[in-house]
Amino acid sequence: MPPTSLELSTLGHRIRHQRLAHGYTLDELGALVGVAGSQLSLIENGKREPKLSLLQAIASATGVEVADLLSSEPPNRRAALEIELERAQSSSVFRQLGVPPVKVSKGMSDETLESILGLHRELQRREREAIATPEEARRANTELRLKMRERDNYLPDIEKLAEKQLKAAGHASGALTHRTVSIMAEKLGFELIYVNDLPHSTRSVTDLEHGRIYLPPASIPGGHGLRSMALQAMAHRLLGHKPPTDYADFLQQRLEINYYAACCLMPETASVAFLQQAKKDRNLAVEDFRDAFGVTHEAAGMRLTNLATHHLGIKLHFLRVDGSGAISRVYENDDLPLPMDVTGAVDGQIACRKFSARAAFSEQNRTTEHYQYTDTPAGTYWCSTQTGTTSAGEFSITVGVPFDDARWFRGRETQKRATSTCPDESCCRRAASDVAARWAGKAWPSARVHMQMFSPLPRGAFPGVDDNEVYDFLDRHA
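Trainee: Where do I start with the sheet that holds strand β7 (residues 379–390) in this structure?
Mentor: Taken together, the six strands give an open sheet; going across it, the order is β5-β4-β8-β7-β6-β9, and neighbouring strands pair in mixed fashion. Either end of the sheet is taken by a strand with one partner, and the two such strands are β5 (327–332) and β9 (417–419). Sheet twist, expressed as the average angle between the axes of neighbouring strands with direction ignored, equals 25 degrees. In terms of strand pairing, strand β6 (residues 370–376) meets β7 through seven bridges, oriented antiparallel. In the strand pairing of β7, Asp-375 is matched with Thr-380.

Trainee: Explain the nonpolar core here, please?
Mentor: Nonpolar side chains in soluble globular proteins generally cluster together in the buried interior. Among the nonpolar cores identified, the biggest contains 65 residues, and Leu-231 and Tyr-260 are the most heavily contacted of them. Looking at this core element by element, the count peaks at ten residues for helix α13 (residues 247–265). Apart from the residues within four sequence positions on either side, Tyr-260 is in contact with Ile-158, Leu-161, Ala-162, Gln-165, Met-184, Leu-231, Ala-235 and Leu-238. Leu-319, Leu-336, Cys-352 and Cys-427 belong to the second largest nonpolar core, which has 15 residues in total.

Trainee: I tried to follow the packing of helix α2 (residues 26–33) against helix α4 (residues 52–62) on my own but got confused; where do I start?
Mentor: Angle between the axes and distance between the axes: these two values describe a pair of packed helices. Contact geometry of α2 with α4 gives a least axis separation of 9 Å together with a crossing angle of 115 degrees. Classified by the angle between their axes, α2 and α4 sit roughly perpendicular to one another. The crossing of α2 and α4 is right-handed. Only Leu-54, Ala-57, Ile-58, Ala-61 and Thr-62 of α4 make contact with α2, whose side of the interface consists of Leu-29, Leu-32 and Val-33. For the contact of α2 with α4, the class distribution of residues is seven nonpolar, one polar and no charged.

Trainee: Looking at this structure, I do not really get the pairing of strand β3 (residues 212–215). What am I missing?
Mentor: On a regular strand, one side chain projects to one face of the sheet and the next to the other, so that they alternate. Both strand β1 (residues 191–194) and β3 contribute to a ladder of four bridges, which runs parallel. Paired with Glu-191 across the strands is Arg-212, a residue of β3. Of the pairings in the sheet, the one linking strand β2 (residues 205–207) to β3 comprises three bridges and is antiparallel in character. When the bridges of β3 are listed, Thr-206 appears paired with Ile-213. The loop that links β2 with its antiparallel partner β3 comprises four residues; one of these, Gly-211, has a positive phi angle of about 70 degrees.

Trainee: Looking at this model, I keep getting lost on the confidence of the model for the chain. Mind explaining?
Mentor: Of the residues in the chain, 91% have a pLDDT of 70 or more, and the chain-wide mean is 88. Per-residue pLDDT stays below 50 along residues 451–459; that stretch engages in 19 contacts with residues further than four places along the chain or on separate chains.

Trainee: Help me out: how do you make sense of the sheet that holds β2 in this one?
Mentor: Hydrogen bonds along the backbone pair up the strands of a sheet, which may run parallel or antiparallel. Pairing is mixed across the open sheet formed by three strands, whose spatial order is β1-β3-β2. Sheet topology places β1 and β2 at the edges, where each strand pairs with a single neighbour. Within this sheet the neighbouring strands show an average axis-to-axis angle of 25 degrees, counted without direction. Along the sheet face, helix α12 (residues 225–238) touches β1, β2 and β3 and points at about 145 degrees away from the line of β3.

Parameters and conventions
Residues numbered from 1 in each chain as written. Predicted model: local features only at pLDDT ≥ 70, side-chain atom pairs only at ≥ 80, totals over all residues. Heavy atoms only, no water. Pairing = 2+ DSSP bridges. Helix = DSSP H or I, 4+ residues; strand = E, 2+ residues; numbered from the N terminus. Axes fitted to C-alpha atoms, helices over the stretch in contact; angles between N-to-C directions. Core = buried A, V, L, I, M, F, W, Y, C linked by side-chain atoms within 4.5 Å. Buried < 20%, exposed > 50% of the residue type's maximum accessible area, 1.4 Å probe, protein only. Contact = heavy atoms within 4.5 Å. Parallel < 35°, antiparallel > 145°, perpendicular 65-115°, else oblique. Left-handed = near helix turned anticlockwise from the far one by under 90°. Nonpolar A, V, L, I, M, F, W, Y, C, P; charged D, E, K, R; others polar. pLDDT = per-residue confidence, 0-100.

This is how it looks when you write it as C-alpha cells:
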C-alpha cells in the first residue's frame with residue numbers, strides 16, 4: 001500500500017533529524033548516499049518517496065537501522081508539532097475556510113506553532129459540536145445502512161480476520177468460551193479485568209499503556225455479553241481504528257467491531273455449515289441457530305443477515321422493535337416496505353401495527369417464535385418473531401423473507417396472515433372514520449417529550465463518552 005503524505009512527512013523528519021545529529025549538510029549526506037542534495041531535500045520535506053536501497057544507504061551513513069527511519073513516531077517535539085500542523089491544514093474543515101495554510105520556517109518558534117495548533121484544535125472541536133445533531137446521526141446511519149445493503153451485510157475481510165484469530169487461540173468448534181476469549185486478548189498483549197466502577201458512558205475501557213481491557217462484571221453468568229464486549233474492544237486494535245473524525249466514522253467503527261465479535265461468536269465456517277444443513281432439511285430457524293452457538297436471539301438474527309444472502313441465496317429482513325412500536329435496529333435487502341422520514345432514516349420510525357414485529361406482543365406464549373405471513377404493497381412476506389423484556393421495556397426480534405423463500409424455514413405452515421397497506425395512513429395510523437367523528441374536538445392528548453431530542457450526540461473524541469470520567473477511571477486503576 002503506498003505511503004500517505006503524512007507518513008512520508010514523518011519519514012522525512014526522521015531522516016533530517018539523523019542528518020543534523022551527525023552534522024551533515026544536504027549535499028554532504030547526498031554525496032555519501034549517491035544522490036543530489038536537492039533530491040534529498042525533497043525526501044526530507046515529504047515530497048518524494050525514497051527507494052529502499054536509498055533508505056538503507058542513509059541508515060548506514062547515519063548509523064541507525066532502517067526500521068528507525070520508518071518508525072511512525074516523530075523524532076522530536078518540533079517535528080511532532082510540524083506534522084500535526086500539516087495534518088490540521090490538510091483537513092477538509094480547514095480547506096473549506098479558503099484560508100492559505102501557514103508555511104513553517106526554521107525561524108518560527110515552537111510557541112508560535114503551539115498557538116496556531118490551539119486554534120486548529122478549537123476549530124475541530126466546534127466543527128464536531130456543529131455536526132453533533134440527531135439529524136446528522138440519522139443521516140449517517142442511513143448512509144451506512146444503505147451501504148451495507150449493497151454488500152448484503154457481508155464483510156469478507158473481517159470474516160477472515162476472525163477465523164484467523166480463533167484458530168490462533170485454539171478454538172475448533174462449539175460455543176466460544178470465556179477462556180478462549182481471554183487467550184485471544186493475551187495474544188494481543190491485553191489482560192481482561194472486571195470492575196464495578198466503569199464510567200457510566202462506556203461499555204469497556206482499554207488501557208493501552210498497561211495492556212488491560214476493563215469490563216463490567218457478568219450480570220448473567222454464562223451470557224455472551226461479556227465475551228462480545230471483550231471481542232469488540234480487541235477489534236478496535238485489530239482493525240487499526242483511530243479516534244473517529246465524525247459521527248459517520250464512529251458508526252462505521254461500531255459496525256465493524258460488532259461484526260468482528262459476531263464472527264468470533266458464530267464463526268463463518270461452522271455457521272454456514274449449520275445453516276446449509278438446516279436449509280437442506282427445510283428447517284431453518286433463528287432459535288436453533290441461536291442455541292447452537294450460545295448467543296442471544298438478536299445476535300443470531302443479525303448474524304443470519306450476514307450469511308443468508310451471500311451463502312444461501314436468501315434475501316431477508318431483520319427488525320428490533322420496542323413496545324411502543326419504534327424500530328430500534330433494522331436491516332433489509334428484500335424490499336420490505338419500511339417507514340422512513342424525509343432523510344430516508346428508518347430507525348426510530350413506527351412499524352406497521354399489522355407486522356408480526358408488533359402483533360407478537362399480544363401473544364401469551366413468550367418462550368418460542370411466532371410466525372406470520374403479511375401481504376404488503378411489495379408482496380407477501382413470511383416472518384418469525386421472538387419477544388422479550390428488559391429493564392427498558394418490551395421488545396421483539398423479527399427475521400423475515402419473501403414468500404417464496406419461506407419454504408426453507410420452520411413455521412412456514414402457519415395459518416396466521418395479515419394485510420398491511422402502509423405507508424397508507426389508513427392502514428394503522430389513522431383512526432376509523434366513525435371513531436374520529438365521535439371524538440373530534442372532544443379530546444386533547446398531551447404528548448410525551450423525549451429528552452434525547454434536545455441533546456447533541458457526540459462529546460469529545462468518542463460520541464457519547466465523557467472523556468474526563470474515563471481518565472479519572474484509568475488514574476484509579478493504573
